[in-house]
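Here are the chains, one letter per residue:
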Amino acid sequence: MSDIKKPRVRFAPSPTGPLHIGGVRTALYNYLFARHFGGTMILRIEDTDSKRFVPGAEAYIIEALDWLGIEIDEGIGKGGPHAPYRQSERRDIYRKYVGELLAAGKAYKAYDTAEELDAKRAELPNFQYDATTRLSMKNSLSLSSDECAALEKAGVPYVVRFKVDPGQEVVVNDLIRGEVRINSSILDDKVLYKQSDDLPTYHLANIVDDHLMEVTHVIRGEEWLPSSPLHKLLYEAFGWQMPEFAHLSLLLKPEGNGKLSKRDGDRLGFPVFPLEWHDPVSGAISSGYRESGYLPQAVVNFLALLGWNPGDDREVMSMQELTKAFSLERCSKSGAKFDFEKGKWFNHYYILEMSSDELATELRRQLSLNGINEGEINTAAVAVAIKDRVKLLPDMLAEARFFYEAPTTYDAKAVKKRWKEDTPLQMQEVVKTLQTVSPFESEPIEAALEEMIAANNYSMGAVMNAMRLALVGALSGPHLADILAILGREESVRRIEQAVASIK
């Protein structure tokens, strides 16, 4: 694809609910492809299915893309020469092209009611509206013009169906899947337009919009059949050049069997939406990657490698590196297992890459939200000390809380295992040692404690674990000398003496 010059791609989600993580990957691949070749990324909203429209979904999509750094060049929120970019605002445009197909005999009006269609499906289990059945149905091919006019005068609603001629070999070249050939006889006469709400269906609206918006490449996650062969026939019916198509592989369940769903996330405890979603109808709240403590660059890096690889062993890649390396040739034809633990690995990596100021700002935000006073503690030092232990941002508070709130209870199992009869005497020696350390910093503290333990022939493990229990309340936390240095001499001694007085 080295000859591609400034492609125009589009991401065209439907505002029927929150953006699924599979849709995020589709948007990301479109963005990377466009940026790689210096092209344009369009955001178009497919809201022709008025019955499934969900308030707030469009704003959610825009916010999610913005959070992830997937920049839009043209479309919703940006404007551009092909406005409007909401399909519900393009009725006049679609109506014109519906008329062209009808006038050319490439589409027809169908007046069948829902009940009549259900009856036909009951009569013919494998029924589809096509060349073999259309003349037995109620449409402008089987009725006279007078009968059609009478139905419309009586207010009977109709749909416009595309007339698929049977027995044609339809050839579509997919940039990921290669050349695919099917016989048109397996396709049904899809509905292109519904007179009842004066809106086109997905099939017609996409073809018209992609043509008028000069889209050169359609990279999408929908299933290949039957949409691509049908769209090829529609492009031919209009006499338009079809864009290049690329159908992405599915995101699979973590076990690898079947398409990833929200239920899998609920079952295994990971988000399947980029942002938290509040359902305006049910009030249900679904978790999001942002609110769960993922960094946007981690989500982008993780998703990019689900169904694509750079051709080498690189895993950690910035948006700029992904853009430079991206190509459709390296997209996989087979589905990609959604390894959510790998997503946490990426997030941990990017947390480690955060500066001490960034880490401290995030920790202060969490302290404030939970009503915890920072006091005299050096929060930047705390953040650096705990970052090795943090996979998701909310882990920071759990790992750091003991610095700001001294333990009032002590882990019972740890006490039984680590607090022995001679521990209080050992802790008295620890306190004496800490009183003499200067400066009260990690390295001098560690050296002084090691010298004292060796001089008294104490067990290093026994002393250090008892100290940790006294300072933290459990056998957890970062390096012990770092804990002492951050707490300071006075608070460290106070906690040790409190533990000696409290633990029996």
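Going by the annotation in an unreviewed UniProt entry, the name recorded for the chain is Glutamate--tRNA ligase, with Porphyromonas miyakawae given as the source organism. Under the heading Catalytic activity (unreviewed entry), UniProt records this for the chain: "tRNA(Glu) + L-glutamate + ATP = L-glutamyl-tRNA(Glu) + AMP + diphosphate". Under the heading Subunit (unreviewed entry), UniProt records this for the chain: "Monomer."

Undergrad: Please clarify how the overall build of the chain should be interpreted in this entry.
TA: Check the secondary structure of the chain and you find 20 helices and 15 strands. Its C-alpha radius of gyration of 32 Å places the chain more than 25% over the 23 Å reference for a compact globule of 504 residues. Principal axes of the C-alpha set define a box for the chain whose edges measure 105 × 50 × 40 Å. Out of the 504 residues belonging to the chain, those deemed buried represent 49%. Contacts in the chain between residues far apart in sequence, at least 24 positions, make up 72% of those at least 6 positions apart. Per element, the accessible surface of the chain, about 23,900 Å² overall, is 49% carbon and sulfur. One finds the centroid of the 60 positive side-chain charges in the chain at a distance of 3 Å from the centroid of its 73 negative side-chain charges.

Undergrad: What should I look at first to understand the layout of surface pockets in this one?
TA: Empty pockets left among the atoms are what a rolling probe the size of a water molecule brings to light. Its volume calculated, the second largest pocket comes out at about 310 Å³. Around the second largest pocket, the lining comprises 15 residues; the ones closest to its centre are Thr-216, Gln-241, Met-242, Pro-243 and Glu-244. The element that contributes the greatest number of residues to the lining of the second largest pocket is strand β6 (residues 169-174), accounting for 3 residues. Broken down by class, the residue content of the lining of the second largest pocket amounts to 7 nonpolar, 4 polar and 4 charged.

Undergrad: So what exactly am I meant to see when it comes to the packing of helix α17 (residues 442-455) against helix α18 (residues 460-472) here?
TA: How two helices sit against one another is set out by the angle between their axes and by the gap between those axes. For the pair α17 and α18, interaxial distance at closest approach is 10 Å and the crossing angle is 130°. On the basis of their axis angle, the class for α17 and α18 is oblique. As α17 runs across α18, the sense of the crossing is right-handed. Here Leu-449, Glu-450 and Ile-453 of α17 come into contact with α18, specifically with Met-460, Val-463, Met-464 and Met-467. Broken down by class, the residue content of the contact of α17 with α18 amounts to 6 nonpolar, no polar and 1 charged.

Undergrad: Just to check I follow, could you spell out empty space enclosed by the protein for this structure?
TA: Summed over the entire model, instances satisfying the criterion amount to 1 cavity of 30 Å³ or more. Within this model, the largest cavity holds a volume of roughly 40 Å³. Lining the largest cavity are Lys-262, Gly-265, Asp-266, Phe-270, Pro-271, Val-272, Phe-273, Ser-286 and Ser-287. Counting residues per element, the lining of the largest cavity draws most heavily on helix α8 (residues 262-268), which supplies 3 residues. Classifying every residue of the lining of the largest cavity gives 4 nonpolar, 3 polar and 2 charged.

Undergrad: Just to check I follow, could you spell out the nonpolar core for this structure?
TA: When a protein is soluble and globular, its nonpolar side chains tend to lie buried together. Membership of the largest hydrophobic core comes to 151 residues, with the highest contact counts inside it found for Phe-338 and Phe-403. Looking at this core, the element that brings in the most residues is helix α1 (residues 21-36), giving 9 residues. The next biggest cluster of nonpolar side chains, apart from the first, holds 6 residues, and it includes Ala-110, Leu-117, Tyr-129 and Met-137.

Undergrad: Before we go on, may I ask you to explain the UniProt feature "short sequence motif: 'HIGH' region" (unreviewed entry) in the chain in this structure?
TA: When the UniProt feature table is mapped to this numbering, "short sequence motif: 'HIGH' region" (unreviewed entry) covers residues 13-23. Between the C-alpha atoms that bound residues 13-23 there is a distance of 8 Å. The span itself is 27% helix and 0% strand.

Undergrad: What exactly am I supposed to notice about the side chain of Arg-44 here?
TA: Relative to the assigned elements, Arg-44 resides in the loop between β2 (40-43) and α2 (57-68). A distance of 2.9 Å separates a polar atom in the side chain of Arg-44 from a polar atom in the side chain of Asp-210. Not counting chain neighbours up to four residues away, the residues in contact with Arg-44 comprise Arg-10, Phe-11, Ala-12, Pro-13, Tyr-85, Gln-87, Asn-206, Asp-209, Asp-210 and Met-213.

Undergrad: Whenever I open this one, unusual backbone geometry confuses me. Can you help?
TA: Comment: phi is negative for the bulk of residues other than glycine, and the bulk of peptide bonds are trans. Residue Pro-84 is reached from Ala-83 by a cis peptide bond, and omega for that bond is 0°. Residue placement: Pro-84 occurs in the loop between β3 (74-75) and α3 (91-103). The omega angle of the peptide bond from Ser-438 to Pro-439 is -5°, so this bond is cis rather than trans. Note on placement: Pro-439 falls in the loop between α16 (423-436) and α17. For Lys-6, which is not glycine, the phi torsion reads 40° and is therefore positive. Topologically, Lys-6 is positioned in the segment before β1 (8-11). Its identity as a non-glycine residue notwithstanding, Asn-457 has a phi of 60°, on the positive side. With respect to the element layout, Asn-457 can be found in the loop between α17 and α18.

Undergrad: Got a minute to help me understand the pattern of salt bridges in this structure?
TA: Side chains that differ in sign of charge can pair as their charged atoms come close. Scanning all chains against the criterion turns up 37 salt bridges. Two residues, Glu-491 and Arg-494, come together in a salt bridge whose shortest N-O distance is 3.1 Å. Of the two residues, Glu-491 and Arg-494 are both situated in helix α20 (residues 489-502); the distance of 3 residues between them amounts to about one turn of the helix. On the basis of relative accessible area, Glu-491 is assigned to the partly exposed category, the value being 24%.

Undergrad: Looking at this structure, how should I read the sheet that holds strand β9 (residues 199-200)?
TA: Whether parallel or antiparallel, the strands of a sheet pair through hydrogen bonds between backbone atoms. If you trace the 4 strands from one edge of the open sheet to the other, you get β4-β5-β8-β9, paired in antiparallel fashion. If you trace the sheet from one side to the other, it starts and ends with β4 (107-110) and β9, each paired once. Two elements, strand β5 (residues 159-162) and strand β8 (residues 191-194), share 3 bridges in a ladder whose sense is antiparallel. Considered in β8, the bridge of Val-160 is made with Tyr-193.

Undergrad: What am I meant to see in the packing of aromatic side chains here?
TA: The way to describe two aromatic rings as a pair is by their centre distance and the angle between their planes. For the structure on display, the rule yields 19 aromatic pairs. Between Phe-270 and Phe-338, the aromatic rings sit 5.4 Å apart at their centres with planes inclined by 25°, giving stacked as the arrangement. Linking Phe-270 in the loop between α8 and β13 (277-278) with Phe-338 in the loop between β15 (336-337) and α11 (340-352), this pair joins segments that are 68 residues apart in sequence. Each member of the pair Phe-270 and Phe-338 is classed as buried. Three or more aromatic residues joined by ring pairs make a cluster, and in this case those are Phe-270, Phe-302, Phe-338, Phe-340, Trp-345, Phe-346, Tyr-349 and Tyr-350.

Definitions and cut-offs
Residues numbered from 1 in each chain as written. Predicted model: local features only at pLDDT ≥ 70, side-chain atom pairs only at ≥ 80, totals over all residues. Heavy atoms only, no water. UniProt positions renumbered as here; feature names shortened; annotations may be inferred. Helix = DSSP H or I, 4+ residues; strand = E, 2+ residues; numbered from the N terminus. Rg over C-alpha atoms; globule rule 2.2 N^0.38 Å. Buried < 20%, exposed > 50% of the residue type's maximum accessible area, 1.4 Å probe, protein only. Contact = heavy atoms within 4.5 Å. Areas by Shrake-Rupley, 256 points an atom, 1.4 Å probe, with all protein chains shown as cover. Lys, Arg positive; Asp, Glu negative; His and termini not counted. Charge placed at Lys NZ, Arg CZ, Asp CG, Glu CD. 1 Å grid on protein atoms, 1.4 Å probe; cavity = no way out; pocket = protein on both sides within 12 Å on 5 of 7 lines; lining within 4 Å. Points joined across faces, edges and corners; volume = space filled by probe spheres on them. Nonpolar A, V, L, I, M, F, W, Y, C, P; charged D, E, K, R; others polar. Axes fitted to C-alpha atoms, helices over the stretch in contact; angles between N-to-C directions. Parallel < 35°, antiparallel > 145°, perpendicular 65-115°, else oblique. Left-handed = near helix turned anticlockwise from the far one by under 90°. Core = buried A, V, L, I, M, F, W, Y, C linked by side-chain atoms within 4.5 Å. Polar contact = N/O pair within 3.5 Å; in protein donor to acceptor, adjacent residues only side chain to side chain. Salt bridge = Lys/Arg side-chain N within 4 Å of Asp/Glu carboxyl O. Pairing = 2+ DSSP bridges. Phe/Tyr/Trp six-rings, centres within 6.5 Å; stacked < 30°, edge-to-face > 60°.

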